[in-house]
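Single-letter residue listing:
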Protein chains: 2
Amino acid sequence: MSDEQRELQRLDISRHAVRLFAERGVAATSGEQIAQTAGVSERTLWRCFRTKESCVEPLLTKAIEAFRAALHTWPADTELTEHLREAYEVVPDWSSDTDAEAVLAVIRMTLDEPALRAAYLMLRERAEDTFAEVLAERTGVEPDAFVLRAQAAAVSAVFKVATDRLAVDAAASGISTEVLDRHREQLANALSLVTRGLSDASRPRADG
Amino acid sequence: MSDEQRELQRLDISRHAVRLFAERGVAATSGEQIAQTAGVSERTLWRCFRTKESCVEPLLTKAIEAFRAALHTWPADTELTEHLREAYEVVPDWSSDTDAEAVLAVIRMTLDEPALRAAYLMLRERAEDTFAEVLAERTGVEPDAFVLRAQAAAVSAVFKVATDRLAVDAAASGISTEVLDRHREQLANALSLVTRGLSDASRPRADG
DNA sequence: GCTTTATTGGCAGATGCTGCCAGTAAAGCT
DNA sequence: AGCTTTACTGGCAGCATCTGCCAATAAAGC
(Lines give C-alpha, C1' and ligand atoms only; values in the text may rest on other atoms or scores of the structure.)
Protein backbone atom coordinates (compact mmCIF):
# COMPACT_ATOMS: atom_id res chain seq x y z
CA MET A 1 0.00 0.00 0.00
CA SER A 2 1.32 3.41 -0.95
CA ASP A 3 2.07 6.07 1.60
CA GLU A 4 -0.67 8.20 0.16
CA GLN A 5 -3.27 5.47 0.52
CA ARG A 6 -2.14 4.83 4.05
CA GLU A 7 -2.56 8.49 4.82
CA LEU A 8 -6.04 8.47 3.33
CA GLN A 9 -6.98 5.53 5.51
CA ARG A 10 -5.67 7.35 8.55
CA LEU A 11 -7.61 10.46 7.62
CA ASP A 12 -10.79 8.46 7.19
CA ILE A 13 -10.43 6.84 10.59
CA SER A 14 -9.60 10.25 12.02
CA ARG A 15 -12.89 11.70 10.84
CA HIS A 16 -14.87 8.93 12.50
CA ALA A 17 -12.84 9.13 15.69
CA VAL A 18 -13.29 12.89 16.02
CA ARG A 19 -17.02 12.57 15.51
CA LEU A 20 -17.28 9.92 18.20
CA PHE A 21 -15.09 11.93 20.56
CA ALA A 22 -17.29 14.96 20.04
CA GLU A 23 -20.53 13.04 20.53
CA ARG A 24 -19.77 11.05 23.67
CA GLY A 25 -16.37 12.19 24.89
CA VAL A 26 -12.95 10.64 24.62
CA ALA A 27 -13.15 8.46 27.71
CA ALA A 28 -16.47 6.98 26.66
CA THR A 29 -15.17 6.07 23.22
CA SER A 30 -13.25 2.81 22.99
CA GLY A 31 -10.81 1.79 20.32
CA GLU A 32 -13.17 -1.00 19.42
CA GLN A 33 -15.93 1.52 18.70
CA ILE A 34 -13.67 3.66 16.54
CA ALA A 35 -12.57 0.65 14.55
CA GLN A 36 -16.13 -0.57 14.12
CA THR A 37 -17.38 2.84 13.01
CA ALA A 38 -14.51 3.23 10.57
CA GLY A 39 -15.14 -0.22 9.17
CA VAL A 40 -11.80 -1.78 10.03
CA SER A 41 -10.74 -4.32 12.60
CA GLU A 42 -9.42 -3.18 15.93
CA ARG A 43 -6.10 -4.72 14.99
CA THR A 44 -5.64 -2.48 11.98
CA LEU A 45 -6.69 0.53 14.01
CA TRP A 46 -3.77 -0.05 16.36
CA ARG A 47 -1.54 -0.50 13.37
CA CYS A 48 -2.52 2.93 12.08
CA PHE A 49 -2.42 4.74 15.42
CA ARG A 50 -0.31 4.11 18.47
CA THR A 51 -3.01 5.33 20.87
CA LYS A 52 -6.66 6.13 20.46
CA GLU A 53 -5.95 9.79 21.16
CA SER A 54 -3.57 9.98 18.22
CA CYS A 55 -6.51 9.20 15.97
CA VAL A 56 -7.05 12.95 15.82
CA GLU A 57 -3.64 13.62 14.30
CA PRO A 58 -4.54 13.54 10.61
CA LEU A 59 -7.20 16.23 11.06
CA LEU A 60 -5.01 18.37 13.28
CA THR A 61 -2.21 18.08 10.77
CA LYS A 62 -4.43 19.85 8.25
CA ALA A 63 -4.46 23.04 10.30
CA ILE A 64 -0.72 22.98 10.86
CA GLU A 65 0.01 22.13 7.25
CA ALA A 66 -2.06 25.08 6.05
CA PHE A 67 0.13 27.47 8.01
CA ARG A 68 3.34 25.77 6.97
CA ALA A 69 2.31 26.08 3.35
CA ALA A 70 1.66 29.80 3.76
CA LEU A 71 4.99 30.27 5.49
CA HIS A 72 6.72 28.34 2.75
CA THR A 73 5.58 30.69 0.02
CA TRP A 74 6.63 33.79 1.93
CA PRO A 75 8.65 35.89 -0.55
CA ALA A 76 11.89 37.36 0.71
CA ASP A 77 10.90 40.92 -0.12
CA THR A 78 7.54 40.92 1.66
CA GLU A 79 6.47 41.59 5.21
CA LEU A 80 5.15 38.46 6.90
CA THR A 81 2.07 40.37 7.99
CA GLU A 82 1.24 41.32 4.47
CA HIS A 83 1.97 37.89 3.06
CA LEU A 84 -0.21 36.06 5.54
CA ARG A 85 -3.06 38.41 4.86
CA GLU A 86 -3.33 37.13 1.32
CA ALA A 87 -1.82 33.65 1.46
CA TYR A 88 -3.07 32.09 4.68
CA GLU A 89 -6.30 30.21 4.93
CA VAL A 90 -6.77 28.14 8.06
CA VAL A 91 -7.69 25.18 5.93
CA PRO A 92 -6.36 25.44 2.37
CA ASP A 93 -9.65 24.99 0.50
CA TRP A 94 -11.70 26.31 3.36
CA SER A 95 -15.09 26.84 1.81
CA SER A 96 -15.19 23.50 0.03
CA ASP A 97 -13.51 21.54 2.77
CA THR A 98 -16.00 19.63 4.85
CA ASP A 99 -13.30 18.97 7.41
CA ALA A 100 -13.10 22.61 8.39
CA GLU A 101 -15.57 22.40 11.26
CA ALA A 102 -14.11 19.09 12.39
CA VAL A 103 -10.62 20.56 12.52
CA LEU A 104 -11.74 23.47 14.70
CA ALA A 105 -13.89 21.16 16.81
CA VAL A 106 -11.00 18.88 17.62
CA ILE A 107 -8.76 21.83 18.44
CA ARG A 108 -11.45 22.96 20.86
CA MET A 109 -11.56 19.47 22.33
CA THR A 110 -7.85 19.56 23.02
CA LEU A 111 -8.52 22.40 25.43
CA ASP A 112 -10.45 20.10 27.75
CA GLU A 113 -8.95 16.70 27.05
CA PRO A 114 -5.35 16.50 28.23
CA ALA A 115 -4.53 13.41 26.20
CA LEU A 116 -5.70 15.10 23.01
CA ARG A 117 -3.80 18.24 23.89
CA ALA A 118 -0.64 16.24 24.36
CA ALA A 119 -1.01 14.70 20.91
CA TYR A 120 -1.61 18.17 19.50
CA LEU A 121 1.47 19.63 21.13
CA MET A 122 3.59 16.78 19.81
CA LEU A 123 2.41 17.46 16.28
CA ARG A 124 3.16 21.14 16.65
CA GLU A 125 6.66 20.46 17.87
CA ARG A 126 7.36 18.24 14.87
CA ALA A 127 6.24 21.15 12.71
CA GLU A 128 8.91 23.36 14.25
CA ASP A 129 11.45 21.47 12.17
CA THR A 130 9.83 22.51 8.92
CA PHE A 131 9.41 26.08 10.17
CA ALA A 132 13.11 26.15 10.90
CA GLU A 133 13.88 24.94 7.39
CA VAL A 134 11.80 27.71 5.89
CA LEU A 135 13.45 30.35 8.07
CA ALA A 136 16.86 28.89 7.30
CA GLU A 137 16.34 29.09 3.58
CA ARG A 138 15.14 32.62 4.00
CA THR A 139 17.93 33.93 6.21
CA GLY A 140 20.83 31.75 5.11
CA VAL A 141 21.47 30.60 8.66
CA GLU A 142 22.03 26.86 9.03
CA PRO A 143 18.76 25.20 10.15
CA ASP A 144 20.22 23.82 13.38
CA ALA A 145 21.54 27.11 14.69
CA PHE A 146 20.17 27.89 18.10
CA VAL A 147 18.76 31.32 17.21
CA LEU A 148 16.95 29.82 14.28
CA ARG A 149 15.42 26.98 16.26
CA ALA A 150 14.39 29.47 18.90
CA GLN A 151 12.69 31.69 16.32
CA ALA A 152 10.95 28.71 14.76
CA ALA A 153 9.69 27.61 18.16
CA ALA A 154 8.49 31.14 18.89
CA VAL A 155 6.64 31.34 15.59
CA SER A 156 5.05 27.98 16.28
CA ALA A 157 4.02 29.10 19.76
CA VAL A 158 2.36 32.27 18.53
CA PHE A 159 0.60 30.30 15.84
CA LYS A 160 -0.66 27.90 18.50
CA VAL A 161 -2.18 30.64 20.64
CA ALA A 162 -3.84 32.23 17.63
CA THR A 163 -5.32 28.94 16.49
CA ASP A 164 -6.69 28.17 19.93
CA ARG A 165 -8.40 31.56 19.96
CA LEU A 166 -9.83 31.01 16.52
CA ALA A 167 -11.24 27.66 17.57
CA VAL A 168 -13.18 29.09 20.50
CA ASP A 169 -14.22 32.20 18.57
CA ALA A 170 -15.54 30.07 15.74
CA ALA A 171 -17.56 28.03 18.23
CA ALA A 172 -19.10 31.20 19.67
CA SER A 173 -19.84 33.19 16.53
CA GLY A 174 -19.53 30.67 13.71
CA ILE A 175 -16.88 30.50 11.02
CA SER A 176 -17.58 33.92 9.60
CA THR A 177 -15.29 35.95 7.40
CA GLU A 178 -14.91 38.48 10.21
CA VAL A 179 -13.66 35.86 12.62
CA LEU A 180 -11.23 34.49 10.07
CA ASP A 181 -9.93 37.92 9.12
CA ARG A 182 -9.51 38.89 12.74
CA HIS A 183 -7.61 35.68 13.31
CA ARG A 184 -5.24 36.35 10.42
CA GLU A 185 -4.70 39.92 11.58
CA GLN A 186 -3.90 38.96 15.18
CA LEU A 187 -1.61 36.18 14.05
CA ALA A 188 0.26 38.38 11.60
CA ASN A 189 0.71 41.18 14.12
CA ALA A 190 1.99 38.92 16.87
CA LEU A 191 4.30 37.13 14.46
CA SER A 192 5.81 40.36 13.30
CA LEU A 193 6.65 41.18 16.93
CA VAL A 194 8.33 37.83 17.39
CA THR A 195 10.16 37.74 14.07
CA ARG A 196 11.32 41.31 14.31
CA GLY A 197 14.73 40.02 15.32
CA LEU A 198 15.04 37.84 12.26
CA SER A 199 17.28 40.19 10.30
CA ASP A 200 19.59 40.51 13.30
CA ALA A 201 19.59 36.78 13.72
CA SER A 202 20.65 36.27 10.13
CA ARG A 203 24.06 37.73 10.93
CA PRO A 204 26.01 34.78 12.34
CA ARG A 205 26.81 35.10 16.02
CA ALA A 206 29.47 33.50 18.18
CA ASP A 207 26.86 31.65 20.20
CA GLY A 208 24.68 30.53 17.31
CA MET B 1 -2.22 14.86 54.23
CA SER B 2 -1.08 18.35 53.36
CA ASP B 3 -0.45 19.45 49.80
CA GLU B 4 3.21 19.86 50.58
CA GLN B 5 3.53 16.31 51.86
CA ARG B 6 1.71 15.03 48.82
CA GLU B 7 4.14 16.89 46.63
CA LEU B 8 7.08 15.40 48.51
CA GLN B 9 5.68 11.94 47.98
CA ARG B 10 5.28 12.63 44.29
CA LEU B 11 8.84 13.93 44.08
CA ASP B 12 10.17 10.86 45.84
CA ILE B 13 8.38 8.52 43.46
CA SER B 14 9.56 10.68 40.57
CA ARG B 15 13.20 10.17 41.52
CA HIS B 16 12.81 6.41 41.56
CA ALA B 17 10.86 6.37 38.32
CA VAL B 18 13.42 8.48 36.46
CA ARG B 19 16.23 6.23 37.65
CA LEU B 20 14.41 3.15 36.43
CA PHE B 21 13.54 4.79 33.12
CA ALA B 22 17.19 5.73 32.62
CA GLU B 23 18.48 2.28 33.52
CA ARG B 24 16.21 0.05 31.49
CA GLY B 25 14.05 2.32 29.36
CA VAL B 26 10.48 3.47 29.74
CA ALA B 27 8.82 0.55 27.96
CA ALA B 28 10.70 -1.98 30.06
CA THR B 29 9.64 -0.32 33.31
CA SER B 30 6.21 -1.23 34.62
CA GLY B 31 4.10 0.71 37.04
CA GLU B 32 4.38 -2.20 39.44
CA GLN B 33 8.19 -1.87 39.43
CA ILE B 34 8.05 1.86 40.04
CA ALA B 35 5.68 1.38 42.95
CA GLN B 36 7.78 -1.40 44.44
CA THR B 37 11.01 0.60 44.15
CA ALA B 38 9.37 3.64 45.69
CA GLY B 39 7.98 1.57 48.52
CA VAL B 40 4.30 2.20 47.89
CA SER B 41 1.53 0.03 46.56
CA GLU B 42 0.68 0.12 42.89
CA ARG B 43 -2.70 1.51 43.85
CA THR B 44 -1.24 4.59 45.49
CA LEU B 45 1.08 5.09 42.56
CA TRP B 46 -1.91 5.44 40.25
CA ARG B 47 -3.47 7.78 42.76
CA CYS B 48 -0.43 10.05 42.57
CA PHE B 49 0.10 9.86 38.82
CA ARG B 50 -2.39 9.38 36.03
CA THR B 51 0.09 7.52 33.82
CA LYS B 52 3.50 6.03 34.41
CA GLU B 53 5.03 8.61 32.10
CA SER B 54 3.72 11.45 34.22
CA CYS B 55 5.89 10.13 37.04
CA VAL B 56 8.61 12.38 35.64
CA GLU B 57 6.60 15.54 36.16
CA PRO B 58 7.83 16.56 39.60
CA LEU B 59 11.46 16.55 38.46
CA LEU B 60 10.70 18.34 35.21
CA THR B 61 8.73 20.93 37.13
CA LYS B 62 11.92 21.86 38.94
CA ALA B 63 13.55 23.07 35.76
CA ILE B 64 10.53 25.07 34.69
CA GLU B 65 10.00 26.51 38.15
CA ALA B 66 13.60 27.74 38.25
CA PHE B 67 13.03 29.82 35.14
CA ARG B 68 9.66 31.06 36.30
CA ALA B 69 11.23 32.24 39.54
CA ALA B 70 13.92 34.14 37.66
CA LEU B 71 11.35 35.72 35.40
CA HIS B 72 9.27 36.67 38.40
CA THR B 73 12.02 38.75 39.98
CA TRP B 74 12.76 40.64 36.77
CA PRO B 75 12.85 44.33 37.75
CA ALA B 76 11.02 46.76 35.48
CA ASP B 77 14.09 48.88 34.84
CA THR B 78 16.42 46.07 33.79
CA GLU B 79 17.12 44.34 30.50
CA LEU B 80 15.97 40.72 30.58
CA THR B 81 19.35 39.65 29.25
CA GLU B 82 21.12 41.31 32.11
CA HIS B 83 18.71 40.05 34.72
CA LEU B 84 18.91 36.44 33.66
CA ARG B 85 22.67 36.58 33.70
CA GLU B 86 22.65 37.10 37.43
CA ALA B 87 19.35 35.61 38.58
CA TYR B 88 18.85 32.44 36.60
CA GLU B 89 20.23 29.13 37.70
CA VAL B 90 18.84 26.12 35.89
CA VAL B 91 18.13 24.50 39.22
CA PRO B 92 17.83 27.01 42.07
CA ASP B 93 20.41 25.49 44.42
CA TRP B 94 22.34 23.88 41.63
CA SER B 95 25.56 22.84 43.29
CA SER B 96 23.90 21.34 46.32
CA ASP B 97 20.95 19.85 44.52
CA THR B 98 21.39 16.17 43.87
CA ASP B 99 18.46 16.27 41.47
CA ALA B 100 20.36 18.40 38.97
CA GLU B 101 21.69 15.51 36.91
CA ALA B 102 18.39 13.70 37.11
CA VAL B 103 16.53 16.74 35.80
CA LEU B 104 18.80 17.06 32.78
CA ALA B 105 18.75 13.30 32.25
CA VAL B 106 14.99 13.18 32.08
CA ILE B 107 14.91 16.15 29.71
CA ARG B 108 17.29 14.24 27.48
CA MET B 109 15.04 11.20 27.74
CA THR B 110 12.09 13.21 26.50
CA LEU B 111 13.97 13.66 23.22
CA ASP B 112 13.71 9.95 22.45
CA GLU B 113 10.60 8.89 24.33
CA PRO B 114 7.46 10.42 22.80
CA ALA B 115 5.29 9.74 25.82
CA LEU B 116 7.73 11.53 28.10
CA ARG B 117 8.01 14.40 25.64
CA ALA B 118 4.25 14.76 25.61
CA ALA B 119 4.15 15.01 29.39
CA TYR B 120 6.95 17.57 29.25
CA LEU B 121 5.17 19.71 26.68
CA MET B 122 1.99 19.67 28.76
CA LEU B 123 3.89 20.93 31.79
CA ARG B 124 5.47 23.67 29.74
CA GLU B 125 2.14 24.80 28.40
CA ARG B 126 0.71 25.07 31.91
CA ALA B 127 3.68 27.26 32.74
CA GLU B 128 2.71 29.70 30.01
CA ASP B 129 -0.09 30.87 32.27
CA THR B 130 2.31 32.00 34.96
CA PHE B 131 4.61 33.58 32.37
CA ALA B 132 1.66 35.55 31.11
CA GLU B 133 0.86 36.73 34.62
CA VAL B 134 4.41 37.96 35.08
CA LEU B 135 4.38 39.78 31.76
CA ALA B 136 0.96 41.20 32.52
CA GLU B 137 2.08 42.65 35.83
CA ARG B 138 5.10 44.09 34.10
CA THR B 139 3.37 45.70 31.13
CA GLY B 140 -0.03 46.49 32.59
CA VAL B 141 -1.80 44.57 29.83
CA GLU B 142 -4.55 42.25 31.03
CA PRO B 143 -3.20 38.68 31.29
CA ASP B 144 -5.69 37.27 28.79
CA ALA B 145 -4.94 39.69 25.98
CA PHE B 146 -3.92 37.90 22.84
CA VAL B 147 -0.61 39.71 22.37
CA LEU B 148 0.36 38.87 25.91
CA ARG B 149 -0.49 35.19 25.62
CA ALA B 150 1.42 35.09 22.37
CA GLN B 151 4.46 36.66 23.96
CA ALA B 152 4.28 34.30 26.91
CA ALA B 153 4.08 31.32 24.58
CA ALA B 154 7.02 32.63 22.59
CA VAL B 155 9.10 33.08 25.72
CA SER B 156 8.21 29.58 26.81
CA ALA B 157 9.14 28.18 23.41
CA VAL B 158 12.55 29.82 23.37
CA PHE B 159 13.14 28.62 26.90
CA LYS B 160 12.26 25.10 25.78
CA VAL B 161 14.76 25.08 22.93
CA ALA B 162 17.49 26.44 25.17
CA THR B 163 16.84 23.84 27.85
CA ASP B 164 16.90 21.00 25.34
CA ARG B 165 20.27 22.22 24.11
CA LEU B 166 21.59 22.47 27.63
CA ALA B 167 20.52 18.93 28.37
CA VAL B 168 22.43 17.43 25.45
CA ASP B 169 25.44 19.72 25.97
CA ALA B 170 25.60 18.73 29.61
CA ALA B 171 25.57 15.07 28.62
CA ALA B 172 28.44 15.64 26.20
CA SER B 173 30.74 17.85 28.22
CA GLY B 174 29.42 17.60 31.77
CA ILE B 175 27.66 20.24 33.81
CA SER B 176 30.51 22.72 33.70
CA THR B 177 30.31 26.43 34.41
CA GLU B 178 31.09 27.15 30.77
CA VAL B 179 28.15 25.09 29.58
CA LEU B 180 25.83 26.76 32.05
CA ASP B 181 27.03 30.24 31.19
CA ARG B 182 26.74 29.58 27.49
CA HIS B 183 23.21 28.34 28.09
CA ARG B 184 22.23 31.47 29.98
CA GLU B 185 23.78 33.67 27.33
CA GLN B 186 22.01 31.96 24.43
CA LEU B 187 18.72 31.98 26.27
CA ALA B 188 18.99 35.64 27.20
CA ASN B 189 19.91 36.69 23.67
CA ALA B 190 17.13 34.78 22.02
CA LEU B 191 14.61 36.00 24.58
CA SER B 192 15.58 39.59 23.95
CA LEU B 193 14.85 39.05 20.25
CA VAL B 194 11.44 37.64 21.03
CA THR B 195 10.48 40.11 23.75
CA ARG B 196 11.71 43.09 21.74
CA GLY B 197 8.11 43.87 20.91
CA LEU B 198 7.04 43.93 24.55
CA SER B 199 7.04 47.68 24.93
CA ASP B 200 5.01 48.02 21.74
CA ALA B 201 2.62 45.36 22.92
CA SER B 202 2.01 47.21 26.16
CA ARG B 203 0.15 49.86 24.24
CA PRO B 204 -3.37 48.45 23.97
CA ARG B 205 -4.41 47.56 20.42
CA ALA B 206 -7.81 47.23 18.83
CA ASP B 207 -7.33 43.53 18.23
CA GLY B 208 -5.80 42.63 21.58
C1' DG C 1 -11.32 5.54 74.93
C1' DC C 2 -14.51 6.27 71.23
C1' DT C 3 -15.98 8.23 67.00
C1' DT C 4 -14.93 10.31 62.82
C1' DT C 5 -12.11 11.04 58.95
C1' DA C 6 -8.36 10.38 55.73
C1' DT C 7 -5.04 7.47 53.58
C1' DT C 8 -3.52 3.15 52.04
C1' DG C 9 -3.59 -1.49 50.04
C1' DG C 10 -5.72 -5.36 47.79
C1' DC C 11 -8.79 -7.23 44.54
C1' DA C 12 -11.69 -7.40 40.40
C1' DG C 13 -12.29 -5.92 36.06
C1' DA C 14 -12.45 -2.98 31.87
C1' DT C 15 -9.67 -1.03 28.37
C1' DG C 16 -5.47 -0.17 25.74
C1' DC C 17 -2.19 -2.18 23.14
C1' DT C 18 1.25 -5.88 21.12
C1' DG C 19 2.98 -10.36 19.17
C1' DC C 20 1.90 -13.98 16.58
C1' DC C 21 -0.17 -16.61 13.03
C1' DA C 22 -3.45 -17.68 9.55
C1' DG C 23 -6.28 -16.08 5.74
C1' DT C 24 -6.66 -13.36 1.64
C1' DA C 25 -5.85 -10.55 -2.06
C1' DA C 26 -2.84 -8.15 -5.06
C1' DA C 27 1.31 -8.16 -8.03
C1' DG C 28 4.99 -10.32 -10.62
C1' DC C 29 6.86 -14.12 -13.27
C1' DT C 30 6.66 -17.98 -16.66
C1' DA D 1 -3.87 -18.92 -16.91
C1' DG D 2 -1.12 -20.99 -13.05
C1' DC D 3 2.29 -20.39 -9.63
C1' DT D 4 5.00 -17.76 -6.39
C1' DT D 5 5.86 -14.03 -3.73
C1' DT D 6 4.55 -10.23 -1.11
C1' DA D 7 1.69 -7.23 1.63
C1' DC D 8 -2.07 -6.28 4.17
C1' DT D 9 -5.77 -7.61 7.22
C1' DG D 10 -8.21 -9.90 11.02
C1' DG D 11 -8.55 -12.82 15.01
C1' DC D 12 -6.76 -14.48 19.25
C1' DA D 13 -3.96 -14.67 23.33
C1' DG D 14 -1.98 -12.07 26.69
C1' DC D 15 0.36 -8.43 29.23
C1' DA D 16 0.13 -3.72 30.96
C1' DT D 17 -2.37 0.28 32.23
C1' DC D 18 -5.67 2.28 34.96
C1' DT D 19 -10.27 2.57 37.81
C1' DG D 20 -13.96 1.44 41.30
C1' DC D 21 -14.87 -0.57 45.36
C1' DC D 22 -14.21 -2.16 49.99
C1' DA D 23 -11.61 -3.36 54.05
C1' DA D 24 -7.77 -2.22 57.09
C1' DT D 25 -5.17 1.04 59.37
C1' DA D 26 -3.83 5.25 61.19
C1' DA D 27 -4.55 9.97 62.40
C1' DA D 28 -7.43 13.56 64.44
C1' DG D 29 -11.16 15.41 67.25
C1' DC D 30 -14.05 15.04 71.26
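Residues numbered from 1 in each chain as written. Chains lettered and ligands numbered in written order. Predicted model: local features only at pLDDT ≥ 70, side-chain atom pairs only at ≥ 80, totals over all residues. Heavy atoms only, no water.

**Q** Any chance you could break down the packing of aromatic side chains for me, citing the residues and the numbers?
**A** One pass over the structure, following the stated rule, counts 7 aromatic pairs over all chains. Measuring from ring centre to ring centre gives 5.7 Å for A:Phe67 and A:Tyr88, while their planes differ by 85 degrees; the resulting arrangement is edge-to-face. With A:Phe67 in helix H4 (residues 57-72) and A:Tyr88 in the loop between helix H5 (80-87) and helix H6 (100-110), this pair connects stretches of sequence that are 21 residues apart. The exposure class of A:Phe67 is buried, given its relative accessible area of 0%. Three or more aromatic residues joined by ring pairs form one cluster here, namely A:Phe67, A:Tyr88, A:Phe131 and A:Phe159. Of note, B:Arg138 hangs over the ring of B:Trp74, and the distance from its end group to the ring centre comes to 3.3 Å. (Phe/Tyr/Trp six-rings, centres within 6.5 Å; stacked < 30°, edge-to-face > 60°. Helix = DSSP H or I, 4+ residues; strand = E, 2+ residues; numbered from the N terminus. Buried < 20%, exposed > 50% of the residue type's maximum accessible area, 1.4 Å probe, protein only. Lys NZ or Arg CZ within 6 Å of the ring centre and 35° of its normal.)

**Q** Tell me about the UniProt feature "DNA-binding region" (unreviewed entry) in chain A, and name the residues and values.
**A** The UniProt record marks residues 30-49 of chain A with the feature "DNA-binding region" (unreviewed entry), using the residue numbering of this structure. Annotated as 75% helix and 0% strand, the span residues 30-49 of chain A places its first and last C-alpha atoms 13 Å apart. (UniProt positions renumbered as here; feature names shortened; annotations may be inferred.)

**Q** I'd like to hear about the environment of A:Leu20, residue by residue, with values.
**A** Residues and elements named next belong to chain A. As for its placement among the helices and strands, Leu20 is situated in helix H1 (residues 3-24). Along the backbone, Leu20 and Ile34 are 14 residues apart, and their C-alpha atoms lie at a distance of 7.4 Å. Ignoring sequence-local partners within four residues, the contact set of Leu20 consists of Gly25, Thr29, Gln33, Ile34 and Thr37. (Contact = heavy atoms within 4.5 Å.)

**Q** Any chance you could break down a negative patch on the surface for me, citing the residues and the numbers?
**A** All names here are of chain A. Taken together, the side chains of Asp77, Glu79, Glu82 and Glu86 present a region of like negative charge at the surface. Examined against the element boundaries, Glu82 turns out to sit in helix H5. Here Glu82 falls in the partly exposed class, since its relative accessible area comes to 44%. (Patch = residues over 30% accessible without salt bridge, like charges linked within 9 Å, V, L, I, M, F, W, Y side chains within 5 Å. Areas by Shrake-Rupley, 256 points an atom, 1.4 Å probe, with all protein chains shown as cover. Salt bridge = Lys/Arg side-chain N within 4 Å of Asp/Glu carboxyl O. Lys, Arg positive; Asp, Glu negative; His and termini not counted. Charge placed at Lys NZ, Arg CZ, Asp CG, Glu CD.)

**Q** Please set out the side chain of A:Thr195 residue by residue, giving values where relevant.
**A** Residues and elements named next belong to chain A. With respect to the element layout, Thr195 can be found in the loop between helix H9 (177-194) and helix H10 (198-202). Residue classification places Thr195 among the buried residues on the basis of a relative accessible area of 10%. Of note is the side chain of Thr195, whose polar atom sits 2.7 Å from the backbone oxygen of Leu191. Beyond its immediate chain neighbours, meaning those up to four positions away, Thr195 contacts Leu80, Gln151 and Val155. (Polar contact = N/O pair within 3.5 Å; in protein donor to acceptor, adjacent residues only side chain to side chain.)

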